[in-house]
Amino acid sequence: VRLGEIPWPVKRPPGHPHGEELPLWFLSLNNIRSFLLSPDHFVVKSNRVRLREALLIWHPDRFESRLKAKVPPEEWERVFEGCQAVIRVLND
């Protein structure tokens, strides 16, 4: 699994094909909020439930246990930085 193949909780920017490397600056508060809290995303779930589920998915320990063995060692640091960026936004 490569960095650009991970389903980060953001909408893909225009002209950014799936599978290409996603720049980590794109994992910002506004981009994550607009994706997770979009009325088109999980319409039947409250914002609170959506955030709680995202916190469980992106928790660094859980993220590491599920993905570290699947990510090339030379990419792991950058992938984990992305996870940490997401969890910081969710905690805020």
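Up top you'll find the structure we're talking about.
All values reported here derive from a predicted model rather than from experimental measurement. (Residues numbered from 1 in each chain as written. Predicted model: local features only at pLDDT ≥ 70, side-chain atom pairs only at ≥ 80, totals over all residues. Heavy atoms only, no water.)

Student: Now, about the overall build of the protein chain: what can you tell me, with residues and values included?
Tutor: The number of helices and strands found in the protein chain is 4 helices and 0 strands. Beginning at the N terminus, the succession of helices and strands in the protein chain can be written as α-α-α-α. Here the protein chain holds 92 residues, and 37% of them are scored as buried. Contacts in the protein chain between residues at least 24 apart in sequence constitute 50% of all its contacts with a sequence separation of at least 6. As displayed, the protein chain has an accessible area near 6,000 Å², and 56% of this comes from carbon and sulfur atoms. (Helix = DSSP H or I, 4+ residues; strand = E, 2+ residues; numbered from the N terminus. Buried < 20%, exposed > 50% of the residue type's maximum accessible area, 1.4 Å probe, protein only. Contact = heavy atoms within 4.5 Å. Areas by Shrake-Rupley, 256 points an atom, 1.4 Å probe, with all protein chains shown as cover.)

Student: Report on the side chain of R50, specifying residues and quantitative values.
Tutor: Inspection of the secondary structure assignment puts R50 in helix α2 (residues 47–58). Buried and without a salt bridge, R50 has E53 as its closest oppositely charged side chain, separated by 7.7 Å. A distance of 3.0 Å separates the side chain of R50 from the backbone oxygen of L36, its partner in a polar contact. (Lys, Arg positive; Asp, Glu negative; His and termini not counted. Salt bridge = Lys/Arg side-chain N within 4 Å of Asp/Glu carboxyl O. Polar contact = N/O pair within 3.5 Å; in protein donor to acceptor, adjacent residues only side chain to side chain.)

Student: Please provide a residue-by-residue account of the packing of helix α3 (residues 60–67) against helix α4 (residues 73–91), values included.
Tutor: Remark: α3 packs on α4, axes separated minimally by 10 Å, with the N-to-C direction vectors making an angle of 150°. Both α3 and α4 take part in a crossing whose hand is right-handed. Contacts between α3 and α4 pair P60, F63, E64 and L67 from the former with W76, V79, F80, C83 and I87 from the latter. Of the residues assigned to the contact of α3 with α4, the class counts are 8 nonpolar, no polar and 1 charged. (Axes fitted to C-alpha atoms, helices over the stretch in contact; angles between N-to-C directions. Left-handed = near helix turned anticlockwise from the far one by under 90°. Nonpolar A, V, L, I, M, F, W, Y, C, P; charged D, E, K, R; others polar.)

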